[in-house]
Each structure stands twice: as structure tokens, then as C-alpha cells.
Amino acid sequence: MSGTHAETVAYVADTQYDPEPAPSSSTGPIAWMRESLFSSWTNAGLTILCIALIAWIVPAILEWAVFQSVWNAKSLSECREIIATRFGEGAHGACWAVINERFGQLLYGFYPADLRWRPDTAALLLVVALVPILFRTMRPLVYAMAGLIAVKVVFAIAWTLMGDDGMDFLLSPTTFVALVVGGLAFVFGSEAVKSKWLYFTLAYPLIAYFLLWGGLIFEPVRSSLFGGFLLTMIIGVTGIAGSLPIGILLALGRQSRLPVLKMVCVTFIEFIRGVPLITLLFVASTLLNYFLPPGTNFDLILRVLIMVTLFASAYMAEVVRGGLAALPRGQYEAADTLGLTYWQGMRLIILPQALKISIPGIVNTFIGLFKDTTLVAVIGLLDPLGLTNPIRSDANWNGIVWELYGFIALLFFICCWSMSRYSMLLEKRLRASDRR
Amino acid sequence: MANVAHSEASVPPAVMEVSDEIAIDISGMNKWYGDFHVLKNIDLTVYKGERIVVCGPSGSGKSTLIRCINALEKHQKGKIVVDGIELTSDLKKIDEIRRDVGMVFQHFNLFPHLTILENCTLAPIWVKKMPKKEANEIAMTYLSRVKIPEQANKYPGQLSGGQQQRVAIARALCMSPNVMLFDEPTSALDPEMIKEVLDVMVDLAQTGMTMICVTHEMGFARQVANRVVFMDQGQIVESNAPEPFFTNPQHERTKLFLSQILAH
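Keep in mind it's a predicted model, so treat the numbers as computed, not measured.

Student: Please set out the sheet that holds strand E6 (residues 101-104) of chain B residue by residue, giving values where relevant.
Tutor: Sheet strands line up and pair through hydrogen bonds in the backbone, either parallel or antiparallel. Residue and element names in this part refer to chain B. Spatially, the six strands line up as an open sheet ordered E6-E7-E8-E3-E9-E10, and their pairing is mixed. Strands with a single pairing partner mark the edges of an open sheet, and in this sheet they are E6 and strand E10 (235-240). The average angle at which neighbouring strand axes cross in this sheet is 20 degrees, direction not considered. The pairing of strand E3 (residues 51-55) with strand E9 (residues 227-232) spans four bridges and is classified as parallel. Paired with Val 53 across the two strands is Val 228, which belongs to E9. Packed on one face of the sheet, helix H10 (residues 252-263) meets E3, E9 and E10 and runs near 100 degrees to E9.

Student: Tell me about the state of the cysteines, and please be specific about residues and values.
Tutor: Counted by the stated rule, this structure contains one disulfide over all chains. With no disulfide of its own, Cys 415 of chain A lies 6.5 Å from the sulfur of Cys 416 of chain A, the closest cysteine sulfur.

Student: I'd like a description of the packing of helix H10 (residues 228-255) of chain A against helix H15 (residues 342-372) of chain A, backed by residues and values.
Tutor: All names here are of chain A. One can describe the packing of H10 onto H15 by two numbers: an axis separation of 10 Å at closest approach and a directional angle of 145 degrees. Crossing of H10 against H15: the hand is right-handed. Of the residues in H15, those touching H10 at Phe 229, Thr 232, Met 233, Gly 236, Gly 239, Ile 240, Ser 243, Leu 244, Ile 248, Leu 249 and Leu 252 are Tyr 342, Trp 343, Met 346, Leu 351, Leu 355, Ile 362, Phe 366, Leu 369 and Phe 370. Its residues assigned to classes, the contact of H10 with H15 comprises 16 nonpolar, four polar and no charged.

Student: Account for the packing of helix H11 (residues 259-273) of chain A against helix H13 (residues 300-326) of chain A, naming residues and giving values.
Tutor: Residues and elements named next belong to chain A. The interhelical angle for the contact between H11 and H13, taken along N-to-C directions, is 115 degrees, at an axis separation of 9 Å. With respect to H13, the element H11 is oriented roughly perpendicular. Along this stretch, H11 crosses H13, giving a crossing that reads as left-handed. Across from Phe 268, Ile 269, Ile 272 and Arg 273 in H11, the residues of H13 making contact are Leu 310, Phe 311, Ala 314, Tyr 315, Ala 317 and Glu 318. For the contact of H11 with H13, a count of residues per class yields eight nonpolar, no polar and two charged.

Cut-offs and rules
- Residues numbered from 1 in each chain as written.
- Chains lettered and ligands numbered in written order.
- Predicted model: local features only at pLDDT ≥ 70, side-chain atom pairs only at ≥ 80, totals over all residues.
- Heavy atoms only, no water.
- Pairing = 2+ DSSP bridges.
- Helix = DSSP H or I, 4+ residues; strand = E, 2+ residues; numbered from the N terminus.
- Axes fitted to C-alpha atoms, helices over the stretch in contact; angles between N-to-C directions.
- Contact = heavy atoms within 4.5 Å.
- Disulfide = S-S within 2.5 Å.
- Left-handed = near helix turned anticlockwise from the far one by under 90°.
- Nonpolar A, V, L, I, M, F, W, Y, C, P; charged D, E, K, R; others polar.
- Parallel < 35°, antiparallel > 145°, perpendicular 65-115°, else oblique.

Below is the structure:
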């Protein structure tokens, strides 16, 4: 009867229990396996089945893609001969030689080889422009540039040892830009001065335009030579960067109390969403010429950029509208009662919260847009998919399928997967500072 | 009535004097939601330093009434004048009035993505263009007055309901308003936390702040109000000083209401 005072009250606690650790059978890897993999006979069976499947498939894929693959050959038939002599008759191996030979084309299209340092530099500066938006300090830029230079050094040494000219590769303009930018980020990279880097981000579109199209001090390059992954990046990045702000404005316009503004926004969104992207691309490539004054030569890629951006904006507007609608009315009212103007309230109170809610949808739209860039192949632009046809109709590579599409798929997967991972990181970071 | 007498003794009457300057003047004000007539011919004059408690059954229009004062709701007929500025659809005047009138909501409506301190300094910095350092100092003063300066760097989600409501009061005070509106500030709180919020409101009343409170806390009404307004079905039914209002209600509807809320 210790702890109770039976005569006066039913029960009164007279000590506070000390917290104890959870039983060891409910924590640790063994408990995790028991709970997640073998919780019942059915689950145990499924687990074993899946392990067996993985054990069967993964070695086969590795054998094809890595162990029995060929990197140096002049044609598909040469590849097959090499595989047959090395691994025996009937062996299946990947012929990566096609990627090896057409690597430059798949990345840059027909961009002049001696000017390819310009798209390289533009890509590098894109990283510089993105880091201040995506991260809290400039530290990631230092790591990225250090990593890039390290990789370049390793490749340069390897190529020099193999008898190629590796020094040329190391002493390219991108290395110097990387050194300068990485150094600047190392010295001026703290959270306090990070915002200054955003001025560069603002100027980036112009810088990238002159690097890619030429002009000013650079030799002009016709945009019909653009192609490969370069084209994917130009369209994807412009679409992503343009669609978010335009989408936000459209979403706000759709919520507006001004009837004309609201009607314009609703009409735009519903029209664009109701039409396939291919149709808009055909309009950009052919129909638009009829509306422009005769003789004007409006760059086809710029026309495509505008169409893709507008298309993505309409989707973005609806995603952002979902976020705006999810906010409690009290947030709008609190912003109003404090005397904030409409734009102050939106910028400081409403949008930070609404966009946070919308992150999964926004990134979803970004990824969809990035993959939709392959549709430009239909109007004759040579993005990676558009390049597969000329490559496959080359007599040397006639019949190649898996290697080419697999490589392109890998490029896209890396980009889309990074976006997805970053968005998860961002959500986690924002959640940490905002526990409701 | 013993506890009422005690509470009144704790409040020095000299501080709670009412001036004869008008803070808010509402005359012949009407409002409709669609066809539904929510507010009917409201006449209410509030003098500087007055503490007015508005009570009444739910749906009687009391929240709508105070939300009309800072234009969260638009009135369709009649006149509302706040500190000499008439409330029209002119956005500039609405903003001017909102800067002058603080509001505290039932559900706090703190900004969850900002820290407590940022919640308090946001409006002074952006609306009053105050330097950040000065805004921080003012915010800390008010957070000390509502007795939670140590929470300044936390986020609203990490605070209890009572603490959040006190932050909401501090946030409104940081704009140094002339009038404070309270829309059922304790209705969403656990019983244990109601007192900490009411204590802050009593303190505020003692500084001479003009206050209009929609509340069902009759103890608070007795202690600090100098007028109690009873509303039913969109109109003011009875308005009187708290002592006669509670001991000698005139209107049948008031008697019924008081018997119901004071019974338990």
C-alpha cells in the first residue's frame, strides 16, 4: 500500500516516476527487420521473393552495362565482334562506343566545337546563380567548384598518361572561371553577404544570352546550331525560372477582386491548360510567322522559350492557387489589420507560407516541364531525343537502341532526381523552423 | 459580489478615467450578408480611454460589429468615424485606420513562419519604416509587458495557446495603436490559460488604452469595463455600466441571457 493513502482519498501519487528507455526488443535493426520485413508469413514470403528478384536482375544488368560492355569502337558491328571475341559467342554487352563517339553532339548539338567553352561557362555560371537562391550560404558553391576542379585534374592526368592532350582540357576557360568564382565564394560566402550574390542571379539571363548566342565581344552563333542537352537546359531552365513568377502573378490575379483582371487570368490559364503543348509549339514554329511583320526573323528558339514558359505558367498558377487557398483566412486578416499593403502582405506573410505548402506541386510541374522539353524534337529542334534519329540512321550505328536511349534517360533522371531530392531537403529545412 | 469588490479595489480608479474626446463614432450603421441583415442601425460612441465589453448570444453580430471598425467587413449604410477619419472604401483611409487600431483574434493568427520577435517587428519595420534595431527594442518592451520576453526567438507553434495570445496582444501593441479590438480573445483557450491572457488585458486597461472586447468573460467585464453592450439579432439591446447591467438588467432578453451564462 505504499504510495496510496487509503483512509483519505482513493489515490494520490507521492513520487514521480523516472523515465526509462524503451525495451530493446522494440528498437534497433533487428526490431526494424522484424517489424518491416518479416511481420507476417505473407510479408516474409514477399521479402524473400523480392530479394531473389533483385539477386537475379541486378547482376544481369551489371553484366550488360559494365562487365561485358565496349567503349571504343567505330561501329555497332565492330562492337559486336569485340564482344564475341572477348566474352564468347552469344554474350550480350552494351556498345557504349556510340555515346563515346557522339558525346559532344548529344551535349551541344552542332554548336561549333571551338566555341563549346561558352556553353560550359554558361552552365557553370548557372550554378553560381542558383546557389544563393537554393542555399543559406555560398558554401555549397565552394564545394562544387573545388569538386569540379578536382575532377578536371584527375581526367587531365589520366588522359595525359594515356597519351592524349589532357592539359588542354585542364587549362580551359571554365577552370579559370571556377577558380575565380570558388575563391570569391570562399571569401564572401557568409550568410550576411549572401544576398549580394543575388545581383549576379538577376544579371545571369543576360550573361547567358551573350555567352550562348554571342554578340558584344563574342562571335555570334546561329541558334539553329543549338542542340543536345544544351537545348534541353536552355528550355528547361528558362521555363522553370519564368513560370514561377508568372504563375504566382496569375494565381494572385485569379484571386483578385477586380473583375477584368480576374477574367483575363482565368481565360489565359484555362486556354493554355486546354491546349496540348505540341499545338503551341507548332504555333511557335510556323503559325507565328504569319502574324509577325514580313521579313522579321524572330529566333525560333526564343519563340519556343516563350511558349514553353507560358504553358508552364498556367500549370504553376493552379499549383500556387492551391497553396493560397490552403492558408487560413486569419492570416490574410492579420496582415490586413497590421496595416500592411496588399503587396507587403503577399510578400511577407501569404506567399512564403503558400509557396511552402505548394513545394511538392511546384517541383512536380518543374520536373514535368523539364521532360516536356523533349517535345521540341517534333518541330525539328535537335534536342537529345531529336538527335537519336540522325545517329541511328548513320550506317555505322544502325540498329542501336538501348545504349542511346538509356544514356539520354540517365541524363534526364539525374536532373529530375536532383530537383526532387532538393525539394525534399527544402521541405525538411522549412519544417524545422515551423512546427505547428 | 465579494470577488468583484476585491477586483475593483485592485484597480486604481484614477488611471481608468475616461476622457471626453471621441475615439470611435458609429452612427446608423447597417450591414448585410447578401439578403441577411446582420447589423441593424448600430449607434455607438466610444470615448478615449473607455473599456467596452460587447456580449450577446452567438450570431448576434458582435464580432461583425468590431470587424467593421477596421474594415475587415464592409458596412453598407451609416457612418463609422475612427479618430476623426471616416471609414469609406478609400484604401488609403482604411490603411490609416488599421495602423491606428490594433486587433486580437480568437485564433491568435500569429504568422507561423516567423519567430515571435519577427511577428512583433514586422509591421513596425514595413508599415512605419522603423529601423530594425528600434523595432526590436520596442518589441522586447511589449513582450516583457506580456511576460514572455524569453520566448522571443521561438516560433508560434512552440508556444501554448495562452502564450500565443499574449504574443498577439504584444504584436498589436507594437504599432502603438490608439484603440484595441479584442474578438473573443479567450474563447479558444484551455481554462488554465484564460487567466494569463485576462491579466494582460487588465494591465492594458490600466494604462488607459481604449478597448472594445467581445467576450463572455463576465468577471473581466465587471472588473475593467466601464460599459457593457448587449447585442441580440444584429442590434444593441442594452448598454449600461457593468454594476447596473449585471444587478439590474432592464430588457427581458438581457435578463434571459444573463441568467443562462451566470447560472453555471
